[in-house]
Amino acid sequence: MKIVKFLGGLGNQMFQYAFYRALSKRHKTVKADLSGYSNYPLHNGFELEKIFNLDLKKASPFIIKLYDPTVRTWYIRKLRKILLLEKAYKAEKDPFLFDEEKLKDKGPKLYWGYWQNQKYFIDIEQELRANFQFKNEVSKTNENFLQQILRSNSISVHIRRGDYVGHESLGGLCDLAYYREAITIMRAKIKTPSFFIFSDDMEWCRKNLPLPENTTLIEGNNGLNSYIDMQLMSNCKHNIIANSSFSWWAAWLNQNPDKIVIAPKKWINDDNYNDSDIIPKTWLKI
């Protein structure tokens, strides 16, 4: 049996689901471990099945205990040894890098990680696009935004601040200079562009961002409705993303064959990690 542990917010869950589906194509029994959300205070908990028409096969609490080496109850340790599960736990060692052996390994495994590399799932791209169809109707306000996006040369601009402000690893990479340059590039490449701003700190955007003409600020999608920002961004013709899995997926789901996606050339402030492969080759890194 293969088990994929889910953790983090929506964007991370989507990467883990893509890894889960890739494993399911290669192995008979693949299940999800959702135990990390039982007391999870961040983001909106486990969202995938609420937002998309998905139904994951869940591992039972007992099976999770067998595969999880942090569970040290004597009878669990005894069973783990009998069932040859002592080496089943596999944590991701190199975030962002593709490890083909993770897909090929035939032994029982519990995978802990984020798997943020499309090479894990590029061969099931169309299946994932079908899986990641937003199932809920949007409000009248968001429907109006959506129609504006569909009718124009729309460009989404995602500014993530919130928990990124002052963050040692993730903060400061998409600064004001990054957005100024990205907007300038888009204005040079796109005829009559319309910019749509998505952020968890719109006041900062108003005060600091060089907002061109034909700019719309998308506000009001908070809490359990936060995913609607991803839905709207994915319908834009082009995207300027943050170093965030949330806007990464919005850009990936964008089906415009001529899309321009601008992404930061550095994804994380930690030289121990090689983040060069998280951005698809067809996207522009600045």
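Everything below is about the structure printed above this text.
So, a few notes on the structure that sits alongside this text.

About the cut-offs
For every chain, the first residue of the written sequence is number 1, and numbering continues from 1 onward in sequence order. Local features in a predicted model are, by the rule used here, given only for residues with pLDDT of at least 70; side-chain atom pairs are given and counted only at 80 or more, and totals for whole chains, interfaces and linings are based on all residues. Side-chain numbers here rest on the full set of heavy atoms in the structure, without hydrogens or water. Ring pairs are drawn from Phe, Tyr and Trp, using the six-membered ring of Trp, whenever the two centres fall within 6.5 Å, and their geometry is named by plane angle: stacked under 30 degrees, edge-to-face over 60, tilted for the rest. Numbering of helices and strands starts at the N terminus; helices are DSSP runs of H or I of at least 4 residues and strands are runs of E of at least 2. Between buried and exposed lies partly exposed: a residue is buried under 20% and exposed over 50% of the maximum accessible area for its type, with that area taken using a 1.4 Å probe on protein chains only. Here, a salt bridge means any Lys or Arg side-chain nitrogen found within 4 Å of an Asp or Glu carboxyl oxygen. At least two DSSP bridges between two strands are required for those strands to pair. Helix axes are fitted to C-alpha atoms over the stretch in contact, other axes to C-alpha atoms as well, and angles between N-to-C directions run from 0 to 180 degrees. Grouping buried Ala, Val, Leu, Ile, Met, Phe, Trp, Tyr and Cys residues that are joined through side-chain atoms within 4.5 Å yields what is termed a nonpolar core. Segmentation into domains, and thus their bounds, comes from an automatic or database assignment. Here, residues are in contact when the closest pair of their heavy atoms is within 4.5 Å.

A word on the packing of aromatic side chains
(1) Moving on: A full pass over the atoms with the stated rule returns 27 aromatic pairs.
(2) Moving on: On the basis of an interplanar angle of 85° and a centroid distance of 5.4 Å, the ring pair of Phe-19 and Tyr-111 is categorised as edge-to-face. Separated by 92 residues along the polypeptide, Phe-19 in helix 1 (residues 10–24) and Tyr-111 in strand 4 (residues 109–112) bring together distant segments of the chain. The residues Phe-19 and Tyr-111 share a single accessibility class, namely buried.

Some points on the pattern of salt bridges
(1) Moving on: Counted by the stated rule, this structure contains 16 salt bridges.
(2) Moving on: In this structure, Lys-2 and Asp-105 form a salt bridge, with 3.7 Å as the shortest nitrogen-oxygen distance. Of this pair, Lys-2 sits in strand 1 (residues 2–5) while Asp-105 sits in the loop between helix 5 (101–104) and strand 4, placing them 103 residues apart in sequence.
(3) Moving on: Here Asp-105 falls in the partly exposed class, since its relative accessible area comes to 27%.
(4) Moving on: In the salt-bridge network here, residues are joined through shared partners; they are Lys-2, Asp-105 and Lys-109.

Here's the deal with the sheet that holds strand 1
(1) Moving on: Spatial ordering of the open sheet is given by 2-1-4-3, a layout of four strands whose pairing is parallel. Each having just a single partner strand, strand 2 (30–33) and strand 3 (89–91) make up the two edges of the open sheet. Adjacent strand axes in the sheet meet at a mean angle of 25°, parallel and antiparallel pairs treated alike.

Details of the nonpolar core
(1) Moving on: By size, the foremost hydrophobic cluster in this structure holds 57 residues, and its most contacted members are Phe-6, Phe-121, Trp-248 and Trp-249.
(2) Moving on: Ranked by residue count, the leading element in this core is helix 1, at nine residues.
(3) Moving on: Here this core gathers at least three residues from each of two domains, domain 1 (2–130) and domain 2 (137–285).
(4) Moving on: Residues in contact with Phe-6, not counting those within four places in the same chain, are Gln-13, Gln-16, Tyr-17, Tyr-20, Ala-32, Asp-33, Leu-34, Tyr-37, Phe-46, Leu-48 and Leu-56.
(5) Moving on: Judged by nonpolar contacts, the second largest core, of 22 residues, contains Ile-155, Cys-174, Ile-185 and Cys-205.

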